[in-house]
Amino acid sequence: MKKKKREVKKGIAFNVSMLYIMNIAKLVFPLIALPYLTRVLSVDCYGVVSYVKATMVYAQLVVDFGFMLSGVKAITELRGDKEKVGIAAGNIVAAKGMLSVVSLAIILAAAMFIDILRENLLYTVLAFVPIALSTFLMEFLFRGLELMHVVAIRYVTMKTISVGLTLVMVKGDGDILWIPVLDILSSFIAVILTLIEVRRLGIRLRFTEKWKGAMESLKVSAVYFVSEAATTVFGALNTMLVGIFMDRADVAYWAVCLQLVSAVRAMYTPINNGIYPQMIKKKDLSLIKKVVKLFLPIVIVGCIIVFFGAEYILVIAGSAKYAAAAPVMRCLVPVLFFSFPAMLLGWPTLGAIDRAKETTKTTIAAAGVQIVGLALIGITGNFTIMMVALVKSFTEMCLMIFRLIYCWKFRDEFVRSVEGD
């Protein structure tokens, strides 16, 4: 029995370490590509790359449709029966295939009204191909089977190929199409590796007759999709609107600033992931207070450095031509500050007391605040890149406040620890 428990703990530790490796890779690879592309591409061209990338975030959202949550749950519950796992996985793959067609149709329709997409239609369509190919990567399957190393190794392999070849092939604006082509190549290789692994596991994908299984999978996953949609709108809407109402230089400036903000926020994720299991077990707010006392001073110092050193940071990350975005970067500093407690009060705190519904509500409410804010600056004729940054900062503050209110409302559901424990 003790040996079995040790094996379980060892397996959990291995899976967690694999996910951490992938999270680090997701932070490192973009930071390798960013300074290179901002230097070899013109500001306008990088604006196109950034805007199409933001568009693909929505396409990926539709194709995924919450299956990363519902699919993992389904596979976990069926993992003892390979035949049923194959049916569940097959139905989800079929559903994602249907959603890929829908996503492409939406993108082509949007291109009729959005100049930056219409003028770069080939690039846009090529950028969508890896999204469609992700249908066959079946990350939900490997997560459900707790084979995290497959996901991590495949991701690192994909990005090493695409980013490595990008550094070799992309030398200027004329080489822009290489970016999505190399993503397609790396995705295709990842699909082959996935299918080999699925076959090795002895799983055969099967589809329920007349697409009934696929439609049922969509129905089950719809509730997860709504939650993820709110989060995505919260993150990517600004870039979409900047690309519609502003020139490509502004899109590039915004994208570089947002990339740096995302890199800093990614450093908060391991803290949240680390405290979450402990909070589930103990439900003790003193743990959250200790984390705040330990890390908030570091966050504050970092915010001060970014505020006063914005111009130098942008020059290092993007080159001298992005120094003009320093005022925008300063307007985004509150995002760095408020997002730390906002993230901490979310799943690690409210989620730990089974308040997932309330956590999702705060995200939806914050997304609503952001939409209203963007509408107001548009109606009043103040839709500038700096005003968009201020709206984003205000929205992040509101998210923190909404979650703080819920934490206070449900304070009795937390364990009251003795001071000094």
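Notes on the structure follow.

Cut-offs applied
Throughout this description, residue numbers start from 1 for each chain and increase along the sequence as written. In keeping with the model being predicted, local features are shown solely for residues with a pLDDT of at least 70 and side-chain atom pairs are shown and tallied solely at 80 or more, while totals for entire chains, interfaces and linings include all residues. Note: side-chain values were computed over all heavy atoms of the structure, leaving out hydrogens and water. Numbered from the N terminus, helices here are DSSP runs of H or I no shorter than four residues, and strands are runs of E no shorter than two. Computation of the radius of gyration draws on C-alpha atoms, with the globule rule given as 2.2 Å multiplied by the number of residues to the power 0.38. We call a residue buried when its accessible area falls under 20% of the maximum for its residue type, exposed when it is over 50%, and partly exposed in between, using a 1.4 Å probe and counting protein chains only. Note on contacts: a residue pair is in contact if any heavy atoms of the two residues lie within 4.5 Å. Surface exposure here means Shrake-Rupley accessible area, sampled with a 1.4 Å probe, where a residue is shielded only by the protein chains that are shown. Throughout, nonpolar core names a set of buried Ala, Val, Leu, Ile, Met, Phe, Trp, Tyr and Cys residues whose side chains join them through atoms within 4.5 Å. The rule for a salt bridge is simple: a side-chain nitrogen of Lys or Arg has to be within 4 Å of a carboxyl oxygen of Asp or Glu. Take the number of residues in a helix, subtract one, and multiply by 1.5 Å to get its expected span. Distance and chemistry together define a polar contact, namely a pair of N or O atoms within 3.5 Å, with one atom able to donate a hydrogen and the other to accept it when in protein, and with adjacent residues in sequence counting only for side-chain atoms on both sides. Only C-alpha atoms enter the line fits that serve as axes; for helices the fit covers just the stretch in contact. Angles between N-to-C directions range over 0 to 180 degrees. Throughout, the term roughly parallel applies to angles under 35 degrees, roughly antiparallel to angles over 145, roughly perpendicular to angles from 65 to 115, and oblique to all others. In this scheme the handedness of a crossing depends on how the near helix is turned from the far one: anticlockwise by less than a right angle means left-handed, clockwise means right-handed. Residue classes follow a fixed rule: Ala, Val, Leu, Ile, Met, Phe, Trp, Tyr, Cys and Pro count as nonpolar, while Asp, Glu, Lys and Arg count as charged, and any other residue, Gly among them, counts as polar.

**Quick word on the overall build of the protein chain**
Along the protein chain, the regular secondary structure elements total 19 helices and 0 strands. Rg of the C-alpha trace for the protein chain: 22 Å, near the compact-globule value of 22 Å for 421 residues, within the 12% margin. Principal-axis analysis of the C-alpha atoms places the extent of the protein chain at approximately 65 × 55 × 40 Å. Of all 421 residues assigned to the protein chain, the portion counted as buried reaches 48%. Looking at the protein chain alone, contacts between residues at least 24 apart form 84% of all its contacts between residues at least 6 apart. As displayed, the protein chain has an accessible area near 20,900 Å², and 70% of this comes from carbon and sulfur atoms.

**Notes on unusual backbone geometry**
Its identity is not glycine, yet Phe65 carries a phi of approximately 50°, on the positive side. Examined against the element boundaries, Phe65 turns out to sit in the loop between α2 (43-64) and α3 (67-78). In this structure Phe65 comes out as buried when scored by relative accessible area, which is 14%. Of note, the phi angle at Ser319 is positive, near 105°, even though the residue is not glycine.

**Description of the nonpolar core**
Among the nonpolar cores identified, the biggest contains 89 residues, and Tyr46 and Trp254 are the most heavily contacted of them. Contacts of Trp254, omitting those with residues within four sequence positions, involve Asn238, Thr239, Val242, Val328, Leu332, Ile385, Val388, Ala389 and Lys392. Counting 37 residues, the second-largest nonpolar core is a separate cluster that includes Met22, Ile75, Leu201 and Leu218.

**Digging into the pattern of salt bridges**
According to the stated counting rule, one finds 8 salt bridges in the structure shown. Here Asp64 makes a salt bridge to Lys96, at a shortest N to O gap of 3.1 Å. Within this pair, whereas Asp64 is found in helix α2, its partner Lys96 is found in helix α4 (residues 82-111), the two being separated by 32 residues in sequence. Taking the shortest distance from any N to any O, the salt bridge between Glu413 and Arg355 comes out at 2.5 Å. With Glu413 in the segment after α19 (385-409) and Arg355 in the loop between α17 (346-350) and α18 (356-379), this pair connects stretches of sequence that are 58 residues apart.

**Let's talk about α4**
Under the 1.5 Å per step criterion, the end-to-end length of α4 is 43 Å for 30 residues, consistent within 8% with the ideal 44 Å. Two or three places before Glu83, at the start of α4, stands the capping residue Asp81, its side-chain oxygen 3.1 Å from that residue's backbone nitrogen.

**Concerning the packing of helix α6 (residues 121-133) against helix α9 (residues 178-200)**
Interhelical geometry of α6 versus α9 gives an angle of 15° and a closest axis separation of 9 Å. What the angle tells us is that α6 and α9 run roughly parallel. The handedness of the crossing between α6 and α9 comes out as left-handed. In this structure, α6 uses Tyr123, Leu126, Ala127, Val129, Pro130 and Leu133 to contact α9, whose residues at the interface are Ile179, Pro180, Val181, Asp183, Ile184, Ser187, Phe188 and Val191. Its residues placed into classes, the contact of α6 with α9 shows 12 nonpolar, 1 polar and 1 charged.

**What to know about the side chain of Thr166**
Looking at the secondary structure, you find Thr166 in helix α8 (residues 148-169). Judged by its relative accessible area of 8%, Thr166 falls in the buried class. Leave out the neighbours within four places in its chain, and Thr166 touches Tyr36, Leu37 and Leu182.

**Re the packing of α4 against α6**
Two quantities define a packed helix pair, namely the angle between the helix axes and the distance between the axes. Remark: α4 packs on α6, axes separated minimally by 11 Å, with the N-to-C direction vectors making an angle of 160°. The pairing of α4 with α6 is recorded here as roughly antiparallel in orientation. For α4 against α6, the interelement crossing comes out right-handed. Where α4 abuts α6, its residues Ser100, Ser103, Leu104, Ile107, Leu108 and Ala111 lie against Leu121, Thr124, Val125, Phe128 and Ala132. Of the residues belonging to the contact of α4 with α6, the class tally is 8 nonpolar, 3 polar and no charged.

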